[in-house]
Amino acid sequence: MDATPTTSTRGSWNSKIGFILAAAGSAVGLGNIWKFPFEVADGGGGAFVLIYLVCCFLLCFPVMVTEIAIGRRAHKNAVGAFEALGYRNWRFVGLLGVTSGVLILSFYNVVAAWALGYFVELAGGHFSIGSEFGTFITDVVKIGLYAALFMVLTAGIVSGGISSGIERASKLLMPTLLVIILGLVLYGLTLPHAAEGLRFYLIPDFSEVTLEVVYNALGQAFFSLSLGMGALITYGSYLSKRENIIESAALITLTDVGIAFTAGLLMFPLVAFLNAGDMTDVQGGAGLIFVTLPGAFESMGPGLGAFVGATFFLLLSFAALTSTVSLLEVPTSFVIDEFNVPRRRAAIGIAVLVFLIGIPSLLSNGASPFFTNFVTYFGSDTPNTFMDLVEHLSSDTFLPLGGFLIVVFAAYVWKTENLSEELAQGAPGFRGSALERFIHVCVAYVCPVLLGIIFVLTVLNRFFGVSVF
Ligand code: TRP
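So, a few notes on the structure that sits alongside this text.

Analysis parameters
- Residues numbered from 1 in each chain as written.
- Predicted model: local features only at pLDDT ≥ 70, side-chain atom pairs only at ≥ 80, totals over all residues.
- Heavy atoms only, no water.
- Helix = DSSP H or I, 4+ residues; strand = E, 2+ residues; numbered from the N terminus.
- Rg over C-alpha atoms; globule rule 2.2 N^0.38 Å.
- Areas by Shrake-Rupley, 256 points an atom, 1.4 Å probe, with all protein chains shown as cover.
- Phe/Tyr/Trp six-rings, centres within 6.5 Å; stacked < 30°, edge-to-face > 60°.
- Buried < 20%, exposed > 50% of the residue type's maximum accessible area, 1.4 Å probe, protein only.
- Near = heavy atom within 4 Å.
- Polar contact = N/O pair within 3.5 Å; in protein donor to acceptor, adjacent residues only side chain to side chain.
- Nonpolar A, V, L, I, M, F, W, Y, C, P; charged D, E, K, R; others polar.
- Salt bridge = Lys/Arg side-chain N within 4 Å of Asp/Glu carboxyl O.
- Contact = heavy atoms within 4.5 Å.
- Expected span 1.5 Å × (residues − 1).
- Patch = residues over 30% accessible without salt bridge, like charges linked within 9 Å, V, L, I, M, F, W, Y side chains within 5 Å.
- Axes fitted to C-alpha atoms, helices over the stretch in contact; angles between N-to-C directions.
- Parallel < 35°, antiparallel > 145°, perpendicular 65-115°, else oblique.
- Left-handed = near helix turned anticlockwise from the far one by under 90°.
- Core = buried A, V, L, I, M, F, W, Y, C linked by side-chain atoms within 4.5 Å.
- Disulfide = S-S within 2.5 Å.

## Some words on the overall build of the chain
Link 1 in the chain: Along its length, the chain carries 19 helices and 0 strands.
Link 2 in the chain: Expected size for 469 residues packed as a compact globule is a radius of gyration near 23 Å; at 21 Å, the chain falls within 12% of this value.
Link 3 in the chain: Taken along the three principal axes of its C-alpha coordinates, the chain extends 65 × 50 × 45 Å.
Link 4 in the chain: Carbon and sulfur atoms form 67% of the exposed surface of the chain, whose accessible area is close to 17,400 Å².

## A short note on the packing of aromatic side chains
Link 1 in the chain: Inspection of the entire model under this criterion finds 34 aromatic pairs.
Link 2 in the chain: Ring centres 5.1 Å apart and planes at 80° place the aromatic pair Phe374 and Phe386 in the edge-to-face group. Linking Phe374 in the loop between helix H17 (369-372) and helix H18 (386-424) with Phe386 in helix H18, this pair joins segments that are 12 residues apart in sequence.
Link 3 in the chain: Centre to centre, the rings of Tyr377 and Phe463 are 5.1 Å apart; their planes meet at 70°, and the pair counts as edge-to-face. Within this pair, whereas Tyr377 is found in the loop between H17 and H18, its partner Phe463 is found in helix H19 (residues 434-464), the two being separated by 86 residues in sequence. Of the two residues, Tyr377 and Phe463, both sit in the buried class.

## Quick word on the site of the ligand
Link 1 in the chain: Among the 15 residues in the neighbourhood of the ligand, the closest are listed as Ala27, Gly31, Tyr108, Ser224 and Ser326.
Link 2 in the chain: Take Gly31: an N or O atom from its main chain is 2.9 Å from an oxygen atom of the ligand.
Link 3 in the chain: Ser224 places a polar main-chain atom, nitrogen or oxygen, 3.0 Å from a nitrogen atom of the ligand.
Link 4 in the chain: Within the complex, 100% of the 360 Å² of free accessible area of the ligand lies under protein.
Link 5 in the chain: When contributions to the shell around the ligand are tallied by element, the ones reaching two or more residues are helix H2 (16-27), helix H3 (30-42), helix H11 (211-224) and helix H15 (302-339).
Link 6 in the chain: When the residues that make up the shell around the ligand are grouped by side-chain class, the tally is 7 nonpolar, 8 polar and no charged.

## With respect to the pattern of salt bridges
Note on pairing: side chains with opposite charge can pair once their charged atoms come close.
Link 1 in the chain: According to the stated counting rule, one finds 16 salt bridges in the structure shown.
Link 2 in the chain: For Arg88, the salt bridge is made with Glu83, and the minimal N-O distance between the two is 3.0 Å.
Link 3 in the chain: On the basis of relative accessibility, which here comes to 29%, the residue Glu83 falls in the partly exposed class.
Link 4 in the chain: Between Arg431 and Glu436 there is a salt bridge, and its shortest N-O distance comes to 3.0 Å.
Link 5 in the chain: A single network of salt bridges, built from pairs that share partners, joins Arg72, Arg73, Lys241, Glu421 and Glu422.

## Topic: the environment of Val335
Link 1 in the chain: Here Val335 is to be found in helix H15.
Link 2 in the chain: Among the residues examined, Val335 registers a relative accessible area of 18% and is labelled buried.
Link 3 in the chain: Apart from the residues lying within four places of it in its own chain, the contact partners of Val335 are Asn340, Val341, Ala346 and Ile350.

## Some details on helix H6 (residues 91-123)
Counting along an α-helix, one turn takes 3.6 residues, and residues three or four places apart therefore face a common direction.
Link 1 in the chain: Between the first and last C-alpha of H6 there are 46 Å, a value that for 33 residues agrees with the 48 Å anticipated at 1.5 Å per step.
Link 2 in the chain: The positive-phi residue at the C-terminal boundary of H6 is Gly125, with phi of around 90°.

## A look at a nonpolar patch on the surface
Link 1 in the chain: There is a patch of nonpolar side chains on the surface, built from Leu211, Phe378, Val456, Leu460, Phe464, Val466, Val468 and Phe469 and spanning about 760 Å² of accessible area.
Link 2 in the chain: Its location among the elements puts Phe378 in the loop between H17 and H18.
Link 3 in the chain: A relative accessible area of 59% means that Phe378 is categorised as exposed.

## What to know about the packing of helix H4 (residues 46-74) against H19
Link 1 in the chain: Running from amino to carboxyl end, H4 crosses H19 at an angle of 110°, the nearest separation of the two axes being 9 Å. Put simply, H4 runs roughly perpendicular to H19. Seen from above, H4 lies across H19 with left-handed handedness. Residue-level inspection shows Phe57, Leu58, Leu59, Phe61, Pro62, Val63, Val65 and Thr66 of H4 in contact with H19, the latter providing Phe438, Ile439, Cys442, Val443, Val446, Cys447, Leu450, Leu451 and Ile454.
Link 2 in the chain: For the contact of H4 with H19, the residue count by class is 16 nonpolar, 1 polar and no charged.

## Notes on the nonpolar core
Link 1 in the chain: Within the largest apolar cluster, 169 residues are counted, with the highest numbers of intra-cluster contacts made by Trp114, Ile289, Phe290, Phe312 and Phe313.
Link 2 in the chain: Counting residues per element, this core draws most heavily on H6, at 18 residues.
Link 3 in the chain: Beyond its immediate chain neighbours, meaning those up to four positions away, Ile289 contacts Ile33, Trp34, Met267, Pro294, Phe312, Phe313 and Leu316.

## With respect to the side chain of Ser100
Link 1 in the chain: Following the sequence through the fold, Ser100 ends up in helix H6.
Link 2 in the chain: Accessibility expressed as a relative area gives 0% for Ser100, which makes it buried.
Link 3 in the chain: Setting aside residues up to four positions removed in sequence, Ser100 forms contacts with Met229, Ser394, Phe398 and Leu399.

## Regarding the state of the cysteines
Link 1 in the chain: Applying the stated criterion to the full structure yields 0 disulfides.
Link 2 in the chain: Here Cys56 stays unpaired: no disulfide links it, and the sulfur of Cys60, its closest cysteine neighbor, is 5.1 Å away.

## Describing the environment of Ile252
Link 1 in the chain: Residue position: Ile252 is located in helix H13 (residues 245-274).
Link 2 in the chain: When its relative accessible area of 1% is taken as the criterion, Ile252 is described as buried.
Link 3 in the chain: Aside from chain neighbours lying at most four places away, what touches Ile252 is Phe19, Ile20, Ala23, Ala24, Met64 and Leu225.

## As for the environment of Gly358
Link 1 in the chain: Relative to the helices and strands, Gly358 resides in helix H16 (residues 343-363).
Link 2 in the chain: Among the residues examined, Gly358 registers a relative accessible area of 5% and is labelled buried.
Link 3 in the chain: With 249 residues separating them in the primary sequence, Gly358 and Asn109 have C-alpha atoms 7.8 Å apart.
Link 4 in the chain: Residues contacting Gly358, with those up to four places away along its chain left out, are Ser106 and Val110.

Everything listed is a geometric property; what it means functionally is a separate question.
Printed below as a string of structure tokens:
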């Protein structure tokens, strides 16, 4: 039935920890460092952290084990997996995933290029870079070069294959990332006003918890865990039957949440230090990372500021790199399996394509008025950039849709019985356990309903200006 010669030569993870680090590397990314801390501060501090944890375990964890199980059973890329399980008609879900991966990577790589660029500038002693953010991101030649470099690094790792490329890089990058982030947190805590920063970040305020906050937490958790586009179907396809999927998924989730949480411990003391403890007017997103924080580094003085700043942006670049690797691996694996293209050629070809698709995004932060004011959605009068549009389509819309289709497939087409059978491999005691029932209920009811709601609300809100909250 299946005569592709690649099946026997497909790579595989060398060790359990290798798989966990690679999947955690995919999860830990720009999202953790620039989105999560601010959502916490905005959404009621400790109260948000609790809600986020519930979202992770109720919505994301069941989707994660499902993706890994589908991949491991099928032993195929995100598209071919559906066919290998006997459902050719469902290949479109994988194709949606591959498309999402290419689109997400095209803009994600631009932000990664900013981070890498900041690292290089700060390491070279240019410690006032933060105040030049606006000019920096419109310097398209420079950003283009950093973006090309980042893509070369990503494609280099993916070309190396599963164990000697992705696994090896993750084993180096993830522990380094952990050491850097802990070092920076410890340093940040010694600065004046650190306590005010922590208070702003963590004191629970349940009055700030609205439905909108819960909806944001759901979406953020889903993106952060790299779900909904078959990244974990792909990574799962290289996993041995001996490994315990449930346990691995729990470790991946905990690592992701742990690092996102730690990023906040790093960020807010620095902001408090910069503002002498005044946390009334803290901005989030790109401004926080690329303007406010560099301001804090600048106020540490040239030598120390450049050192701490360079270290921070090295951290951000590492976090982004293990994520771009997983984003590139999804289409690469598809092209290798389905078209019999050698890995190296597939990885490089797709990287070039993604870079080209990313050029309008690169131009859309001020360099080209056309791409900067690209679309105005219904019911709004502020135009969005091309990069915003790609992000709204891929990460905000396609991922929940993909996740919805994956759980519906698993529960009603492939059937929970088969899911359980795969999960039980390497997990003695799973059959008949309360955990098995929990996963069945989530995959068949909780996840489709929540993902369906996220999808509909996001489309209404983003593209039609209809605000439900
Ligand atoms: N999880 C990454 C982040 O938080 C982004 C990411 C990498 C991703 N690979 C993915 C998101 C696959 C969805 C699917 O930055």
